[in-house]
Amino acid sequence: MRTRLLAAAAALVMLFITGTAAYAHHSYAATYDVTREVKLEGKLVQFVYRNPHSFVHVMAPDDKGVMQRWAVEWSGTTQLGSQGVSRETLKVGDEVVIVARPSRVAGEYRALMLRLKRTSDGFAWGSPGQAVD
C-alpha cells in the first residue's frame, strides 16, 4: 500500500512539473511583444533546424538602419517538416524578408517568426492569406 501511495505521489509531482514546464515554454507573450510586428529584410547567416524550436539568424537593419544579427525563433522540425520545410530549405546567403514579433527587451535583436519569404524564388512560409509584401 505504501509503495502504491509513493508511486502515485511521484506521478503527480512529475505531472505537475512537466505541465508547468510546457505551459511556461509556450508563453510567447512573456518573451515577445505580441502587439507589434517588425519586417526584417536581409541575408540569412545561419539556419538552426532543431527541436523544440528552429532559429533563423539574419543580418538586417534595426529601426535606426544599423545592421544587426537577428535571431528569429521558428517552429520545431516536426511542424516545419509537415509544412514542407527541411534542413536544406534555406541556405546561408539567401535573401529573405521576415515578418516577426519583436522581443520585449529593448536592444535585443530577437523575434518570433510569423511569415518568411525568400526573394530569389518566392518560397514563402506563413499563415495562408498573409503573404509577406
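All values derive from a computational prediction rather than experimental measurement. Numbering of residues starts from 1 in every chain and runs along the sequence as written. Reporting in this predicted model follows two pLDDT cut-offs: at least 70 for local features of residues, and 80 or more for side-chain atom pairs to be given and counted; totals over whole chains, interfaces and linings ignore these cut-offs and use all residues. The basis for the side-chain values is all heavy atoms of the structure; hydrogens and waters are excluded.

Side note on the overall build of the protein chain
- The secondary structure listing takes helices from DSSP runs of H or I that are at least 4 residues long and strands from runs of E that are at least 2 residues long, numbered from the N terminus. Counting secondary structure elements, the protein chain contains three helices and six strands.
- In the protein chain, the succession of α and β elements from N to C terminus is α-α-β-β-β-α-β-β-β.
- Here the protein chain holds 133 residues, and the buried ones make up 35% of them.
- If you take every contact in the protein chain between residues at least 6 apart in sequence, the share linking residues at least 24 apart comes to 52%.
- Here the accessible surface of atoms and residues is derived via Shrake-Rupley with a 1.4 Å probe, and residues count as covered only by protein chains that are part of the display. Put simply, the protein chain shows about 8,400 Å² of open surface, and 58% of that area lies on carbon and sulfur atoms. To sort residues, take the accessible area from a 1.4 Å probe on protein chains only and compare it with the maximum for the residue type: under 20% means buried, over 50% means exposed, and anything in between is partly exposed. Whether two residues are in contact is decided by their heavy atoms: any pair within 4.5 Å suffices.

A short note on the packing of aromatic side chains
- Aromatic rings from Phe, Tyr and Trp, with only the six-membered ring used for Trp, were paired whenever their centres fell within 6.5 Å, and each pair was classed as stacked if the ring planes differed by under 30 degrees, edge-to-face if by over 60, and tilted otherwise. Evaluated as defined, the whole model comprises five aromatic pairs.
- Residues Phe 47 and Trp 74 carry aromatic rings whose centres are separated by 5.8 Å and whose planes lie at 45° to one another, so their mutual orientation is tilted. Within this pair, whereas Phe 47 is found in strand β1 (residues 38-48), its partner Trp 74 is found in the loop between β3 (67-73) and α3 (77-82), the two being separated by 27 residues in sequence.
- Through a chain of ring-to-ring contacts, three or more aromatic side chains come together here, namely Phe 47, Tyr 49, Trp 74 and Trp 125.

Some words on unusual backbone geometry
- Following Asn 51, the chain continues to Pro 52 via a peptide bond in cis, the omega torsion being 5°.
- With respect to the helices, strands and loops of the structure, Pro 52 is situated in the loop between β1 and β2 (55-61).

Notes on the confidence of the model for the protein chain
- Overall, the predicted model of the protein chain reaches an average pLDDT of 84, with 75% of residues at or above 70.
- By definition, pLDDT measures how confident the predictor is in each residue, and it falls between 0 and 100. pLDDT under 50 marks residues 15-24. Its contacts with residues more than four places away, or in other chains, come to zero contacts.
- Residue range residues 129-133 is modelled with pLDDT below 50. Its contacts to residues more than four positions away, or to other chains, number nine contacts.

Describing the pattern of salt bridges
- For this document, the term salt bridge refers to a Lys or Arg side-chain nitrogen within 4 Å of an Asp or Glu carboxyl oxygen. The full count for this structure, using the stated rule, is seven salt bridges.
- A salt bridge links Glu 37 to Arg 115, with the nearest nitrogen and oxygen atoms 3.6 Å apart. Of this pair, Glu 37 sits in the loop between α2 (28-31) and β1 while Arg 115 sits in strand β5 (residues 110-118), placing them 78 residues apart in sequence.
- Glu 37 gets classed as partly exposed once you look at its relative accessible area, which sits at 44%.

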